[in-house]
Amino acid sequence: MCAINGYNFPDKNLILKMKEFTSNRGPDAEGLYIDENITIYHNRLSILDLNKIADQPMSYKNFIISFNGEIYNYKELRNELIRFGYNFKTNSDTEVILHLFDKYNIDSFSKLSGIFSICIWDKLKKKLYLIRDTLGVKPLYYYLEKNTNKFFFSSSIRSLLISLKEKQLNPIALDYYMNFGRNDYSETIFKNIFKLMPGELLTLENNNLKKNKLLNFDFNYEDKSNEELKSIVEKTIQKQLISDVPSSLSLSGGVDSNIVYSVMRKNLDNKFNIYSFKFKDYKKFNEDFSVAEKNAKYYKSNFIPVEIGFDEFINNGEKVTEILEEPTANQCSILNYCMSKKIKEKVLITGDGGDETFTGYDRYRSIHIINFLQNFNPFKKLKIQTKYKNINRFFVNDPKQMFLEFSEQNVYKDLDKYYKDFKKIKKNEIGLHHTSKYALKNYLNSVGFLDLDTLVPNEYLLRNDKIFMDSAIEVRVPFLDVDIINNFLMMSPGKKFAYRFKSKQLLKNIFKKDIHSLVKKKWGLQSPIAKWMKGSLQPYLKEILNKDYYTGSSKYLNFENINKLITLHKEKYHNPDLLWSLVMIQIFLRKFKL
């Protein structure tokens, strides 16, 4: 796990400035490759093959590689390449990618099972290859200076801002943030700096830039027994335990992380630390923590609480915003940051991602019930609109519209009161990547797929990678492995829920003998922030959401109405998610002077 920086011309001084923004991601080693056509700098976090010979950039024949990530099947691929006559100097996955590329060229990337952003320079062809894993676990950004054809790329947006001629806020990206609390657009919040999209291959040769989506999902629609399904999940988690350094686990009271826990116990002899969030002063929000602690004690694991109080939000909001590099409204970013400062290990494994594939959210259950009841609605094809959104949902006949009906866009209320020039994102503006050419059919599975195309890479994975890697911690997410998504996402919703419409019933059934206890009702990672914003955080809200905090944001935010919202929430529970979303965009605008 590492960081990549580079551009298509020789310049040592500039690259040394860029790498300052990525050094936290890879503090174990640094390396530079430079010739008359390219400059590449690598920051290394050593996890597989800790020897210096495995440092990067690494070369083989005419290829130079800088690779950020982990390849879980590299040993199998290595053995395959040995049979073809390849010899290896290291035990690293990096060298495997190099040899694999030498044999198969770009077809090699589809053979990789893992999380990655990869840069390969062919110094004979003078051709640059950049690719990102299918789901987008590892970030990579780029910027093309059109008048000079200078091309810059990096694991960090801040590294690219050094060379950006004019820093401008991207209004389309801001529209997505206002609607969803994240940026689902292919361009970042900074105009002209782009994301390399999940599964996308970018090549640059003779100043000719080409992009195409190389890595895709391949859904399996075959019916499988519970034994087969359990085997797929266990093997997927097991392959992600590969490491030459100690690993740890983020544990809650939910089924996903407890399944990961069961596999880790079997494979790591219980020799790993467990971390779990505990909220100060509010027992109601600590059921997750209590169950996690109970399970850890039962299996005699070392359990480390991560305590969270309202002051963590005050003390860390600005730092977290800087690390994320794009505005992100999810309050969990603060929690993740606090955990990152507690963890001693280089690898953290989580249960993130099980909700999208195995229907863990309440909204998935609601969509499944609506889908079921629509079978008995003779008027379902009529376009009926009432003032009641729950009634309107029974007449939705499009998966993208159903996605919007249950998105943050409908959780936040009265957005046009608080944002100036608010534009509501419509269904033709979502699902523009993996889902764009896919025939979306079943509402529930299609909404899950849309989440994997939007929410997951642009919020969950971005947050996990940026925050934990800032503390040199690699986060692994086995429930977002392509094998699990391919095998489970398009499975019949009836099998996932069973006849009682219970979330994640399939997982609970097949792993019931492997888990000691679970929370009675899983709420997701909830914090008492809504309550704190009614009391302890009121002075903080008034300080941040004030035009004097940053005068430049007055062109985007309506402070008169925002101040009324702060008071309204103090008097009664009202729009807390939007309130925190406004805090984070305000901090972001000032931090990056936009």
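Placed above this text is the structure.
Residues numbered from 1 in each chain as written. Predicted model: local features only at pLDDT ≥ 70, side-chain atom pairs only at ≥ 80, totals over all residues. Heavy atoms only, no water.

Description of the overall build of the protein
Across its full length, the protein carries 25 helices and 17 strands. Looking at the 594 residues of the protein, the share that counts as buried comes to 62%. Contacts spanning at least 24 positions in sequence make up 71% of the contacts within the protein whose residues lie at least 6 apart. As displayed, the protein offers around 24,600 Å² of accessible surface, 48% of which is attributable to carbon and sulfur atoms. (Helix = DSSP H or I, 4+ residues; strand = E, 2+ residues; numbered from the N terminus. Buried < 20%, exposed > 50% of the residue type's maximum accessible area, 1.4 Å probe, protein only. Contact = heavy atoms within 4.5 Å. Areas by Shrake-Rupley, 256 points an atom, 1.4 Å probe, with all protein chains shown as cover.)

Quick notes on the sheet that holds strand β2 (residues 29-34)
With antiparallel pairing, 6 strands are arranged side by side in an open sheet as β2-β3-β1-β9-β8-β10. Each of the sheet's edge strands pairs with one partner strand only, and the pair in question is β2 and β10 (193-195). The average angle at which neighbouring strand axes cross in this sheet is 15°, direction not considered. In terms of strand pairing, strand β8 (residues 141-145) meets β10 through 3 bridges, oriented antiparallel. (Pairing = 2+ DSSP bridges. Axes fitted to C-alpha atoms, helices over the stretch in contact; angles between N-to-C directions.)

What to know about helix α18 (residues 455-469)
Spanning 15 residues, α18 covers 20 Å between terminal C-alpha atoms, matching the ideal 21 Å at 1.5 Å per step. The sharpest bend along α18 comes to roughly 35°, located at L462. For α18, the buried fraction is high: 15 of the 15 residues fall into the buried class. (Expected span 1.5 Å × (residues − 1). Bend = angle between axes of the 7 residues up to and from the residue.)

Looking at unusual backbone geometry
A cis geometry characterises the amide bond from Q56 onward to P57, with omega recorded as -5°. Tracing the backbone shows P57 in the loop between β3 (39-44) and β4 (58-60). A positive phi is found at D269, a non-glycine position, where the angle reads about 55°. As for its placement among the helices and strands, D269 is situated in the loop between α7 (255-268) and β14 (273-279). In this structure, K593 takes a positive phi of about 50° despite not being glycine.

Side note on the sheet that holds strand β15 (residues 302-308)
Pairing between the strands of a sheet comes from backbone hydrogen bonds, and it takes one of two forms, parallel or antiparallel. Spatially, 5 strands are ordered β15-β14-β13-β16-β17 in an open sheet, and the strand pairing comes out parallel. Pairing within the sheet leaves two strands with one partner each, and these edge strands are β15 and β17 (474-476). When the angles between neighbouring strand axes are averaged without regard to direction, this sheet yields 30°. Summarising the sheet, strand β13 (residues 247-250) and strand β16 (residues 347-349) pair through 3 bridges and their orientation is parallel.

Looking at the pattern of salt bridges
Under the criterion given, the structure shown has 33 salt bridges. Across the salt bridge formed by D55 and R44, the nearest N and O atoms sit 2.8 Å from each other. With D55 in the loop between β3 and β4 and R44 in strand β3, this pair connects stretches of sequence that are 11 residues apart. The exposure class assigned to D55 is buried, which follows from its relative accessible area of 15%. (Salt bridge = Lys/Arg side-chain N within 4 Å of Asp/Glu carboxyl O.)

Here we look at the packing of aromatic side chains
To describe a pair of aromatic rings, you give the distance between the ring centres and the angle between the ring planes. What the rule picks out here adds up to 30 aromatic pairs. Residues Y143 and F152 carry aromatic rings whose centres are separated by 5.5 Å and whose planes lie at 15° to one another, so their mutual orientation is stacked. By relative accessible area, Y143 is classed as buried at 5%. In this arrangement the basic side chain of K211 is found over the ring face of F194, its NZ or CZ atom lying 5.9 Å from the centre. Cation over ring: R265 sits above Y299, and NZ or CZ is 3.5 Å from the ring centre. (Phe/Tyr/Trp six-rings, centres within 6.5 Å; stacked < 30°, edge-to-face > 60°. Lys NZ or Arg CZ within 6 Å of the ring centre and 35° of its normal.)

Some remarks on the environment of Y60
For Y60, the position within the fold is in strand β4. C-alpha of Y60 to C-alpha of L98: the two residues are 38 residues apart in sequence and 6.7 Å apart in space. Apart from the residues lying within four places of it in its own chain, the contact partners of Y60 are Y86, L98, H99 and D102.

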